[in-house]
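Each chain, letter by letter, is given below.
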Amino acid sequence: MSEPLKVMIETSAAEARKLLAVVSPLSDLSEIQYKIEAAIEKQWAGMRYCRRYLEYGPKTGCEGSFFPNRRDKKYCCKSCAKASFDKTRPKRKRHGK
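First, a word on scope: everything that follows refers to the structure included in this document. Keep in mind that this is a model prediction, so the values were computed, not measured.

About the cut-offs
Residues numbered from 1 in each chain as written. Predicted model: local features only at pLDDT ≥ 70, side-chain atom pairs only at ≥ 80, totals over all residues. Heavy atoms only, no water. Helix = DSSP H or I, 4+ residues; strand = E, 2+ residues; numbered from the N terminus. Buried < 20%, exposed > 50% of the residue type's maximum accessible area, 1.4 Å probe, protein only. Lys, Arg positive; Asp, Glu negative; His and termini not counted. Salt bridge = Lys/Arg side-chain N within 4 Å of Asp/Glu carboxyl O. Core = buried A, V, L, I, M, F, W, Y, C linked by side-chain atoms within 4.5 Å. Contact = heavy atoms within 4.5 Å. Patch = residues over 30% accessible without salt bridge, like charges linked within 9 Å, V, L, I, M, F, W, Y side chains within 5 Å. Areas by Shrake-Rupley, 256 points an atom, 1.4 Å probe, with all protein chains shown as cover. Charge placed at Lys NZ, Arg CZ, Asp CG, Glu CD. 1 Å grid on protein atoms, 1.4 Å probe; cavity = no way out; pocket = protein on both sides within 12 Å on 5 of 7 lines; lining within 4 Å. Points joined across faces, edges and corners; volume = space filled by probe spheres on them. Nonpolar A, V, L, I, M, F, W, Y, C, P; charged D, E, K, R; others polar.

**Remarks on the side chain of lysine 73**
Step number 1: Tracing the sequence through the fold places lysine 73 in the loop between strand 2 (65-66) and helix 4 (78-88).
Step number 2: Buried lysine 73, no salt bridge; nearest opposite-charge side chain is glutamate 63, N-O distance 7.7 Å.

What follows is the structure in structure tokens.
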């Protein structure tokens, strides 16, 4: 028989009591994993990916993913929106110089 799985977590006493309250009634490890995944999914449910990051890849200052404060927000910051706009519009021809 193999040795039981041991998990080490550094936390405060209050957080440890909360964790034990959740883990102790669960006897099956797969059930614990399912509960943890469900909690993580609920926490990150509203997160979106930056449109510039998806189309052109990483850039300095781009967060990649963000929580939108408006429902129509597509970019994580103004610099990503400007950079994406600059890449998609045609260059203006200058006359006289």
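Continuing now.
**Considering the nonpolar core**
Step number 1: Cys50, Cys62, Phe66, Tyr75, Cys76 and Cys80 together form the largest nonpolar core, which totals six residues.
Step number 2: The residues contacting phenylalanine 66, other than those within four sequence positions of it, are Gly46, Met47, Arg48, Tyr49, Cys50, Lys73, Lys74, Tyr75 and Cys76.

**A short note on a positive patch on the surface**
Step number 1: Taken together, the side chains of Arg89, Lys91, Arg92 and Arg94 make up a positively charged region of the molecular surface.
Step number 2: With respect to the helices and strands, the residue arginine 94 is situated in the segment after helix 4.
Step number 3: The exposure class assigned to arginine 94 is exposed, which follows from its relative accessible area of 69%.

**Quick word on the pattern of salt bridges**
Step number 1: Applying the stated criterion to the full structure yields three salt bridges.
Step number 2: Across the salt bridge formed by lysine 82 and aspartate 86, the nearest N and O atoms sit 3.2 Å from each other. On the criterion of helical spacing, the pair formed by lysine 82 and aspartate 86 is a turn pair, its members being four residues apart in helix 4.
Step number 3: Residue classification places lysine 82 among the exposed positions, given a relative accessible area of 54%.

**Here we look at the environment of serine 84**
Step number 1: Within the secondary structure, serine 84 sits in helix 4.
Step number 2: You can call serine 84 buried: its relative accessible area is 3%.
Step number 3: Put simply, serine 84 and arginine 52 are 32 residues apart on the chain and 5.7 Å apart in space, counted from C-alpha to C-alpha.
Step number 4: Discounting residues that sit within four places of it in the chain, serine 84 has contacts with Arg52, Glu55, Tyr56 and Tyr75.

**A look at the layout of surface pockets**
Step number 1: What the second largest pocket holds in volume is close to 160 Å³.
Step number 2: Lining the second largest pocket are Arg70, Lys73, Lys74, Tyr75, Cys76, Cys77, Lys78 and Ala81.
Step number 3: Broken down by class, the residue content of the lining of the second largest pocket amounts to four nonpolar, no polar and four charged.

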